[in-house]
Amino acid sequence: MTPDIGDRIRLIHTNDRYTKLKRGDLGSITDVTYLPEDYGGQAQIWVRWEAGSILALIDGQDEWEEVE
C-alpha cells in the first residue's frame, strides 16, 4: 500500500547503506513519485525525517509502518 502525503511513518528497515537513519526513526511523507519502468517502476516515498534528513524509501525494498 502506498501511503499519502502528510502521513506519519516509522522506519523499520532501509537498504540505503549510507544513511544515518535507524529503525524507529519517525518522519512525514512529503511526496510520492515513481521510478521509470526501466528501473522497476516502484513508488519512491519521500520523507522529511525528524532526525533532520530527507530520504526517499522505495516501495518493495524498504520497510516502514504508518503511525497515528
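Structural notes, computed from the coordinates. Residue numbering note: each chain is counted from 1, following its sequence as written. Only residues with pLDDT of at least 70 get local features here, since the model is predicted, and only at 80 or more are side-chain atom pairs given and counted; chain-wide, interface and lining totals rely on the full set of residues. Each side-chain value is derived from all of the structure's non-hydrogen atoms; neither hydrogens nor water enter the calculation.

**Focus on the nonpolar core**
Part 1 of the argument: Buried Ala, Val, Leu, Ile, Met, Phe, Trp, Tyr and Cys residues form a nonpolar core when they are joined through side-chain atoms within 4.5 Å. A 1.4 Å probe rolled over the protein chains alone gives each residue an accessible area, and that area as a share of the maximum for its type sets the label: buried under 20%, exposed over 50%, partly exposed in between. Ranked by size, the top nonpolar core spans eleven residues in total: Ile9, Leu11, Leu21, Ile29, Ala43, Ile45, Val47, Trp49, Leu55, Leu57 and Trp64.
Part 2 of the argument: In this description a helix means any DSSP run of H or I spanning at least four residues, a strand means any run of E spanning at least two, and both kinds are numbered starting from the N terminus. Only strand E1 (8-13), strand E3 (43-49) and strand E4 (54-58) provide two or more residues apiece to this core.
Part 3 of the argument: Element by element, the count of residues in this core is highest for E3, at four residues.
Part 4 of the argument: In this analysis, two residues are considered to be in contact whenever any of their non-hydrogen atoms come within 4.5 Å of each other. Beyond its immediate sequence surroundings of up to four residues, Ile9 is in contact with Asp25, Leu26, Gly27, Ile29, Val47, Trp49, Leu57, Trp64, Glu65, Glu66 and Val67.

**Overview of the environment of Ile5**
Part 1 of the argument: With respect to the helices, strands and loops of the structure, Ile5 is situated in the segment before E1.
Part 2 of the argument: The class of Ile5 is exposed, set by a relative accessible area of 55%.
Part 3 of the argument: In this structure the C-alpha to C-alpha distance between Ile5 and Ser53, which are 48 residues apart in sequence, comes to 17 Å.
Part 4 of the argument: Those residues in contact with Ile5 that sit more than four places away from it in its chain are Ile29, Thr30, Asp31 and Val32.

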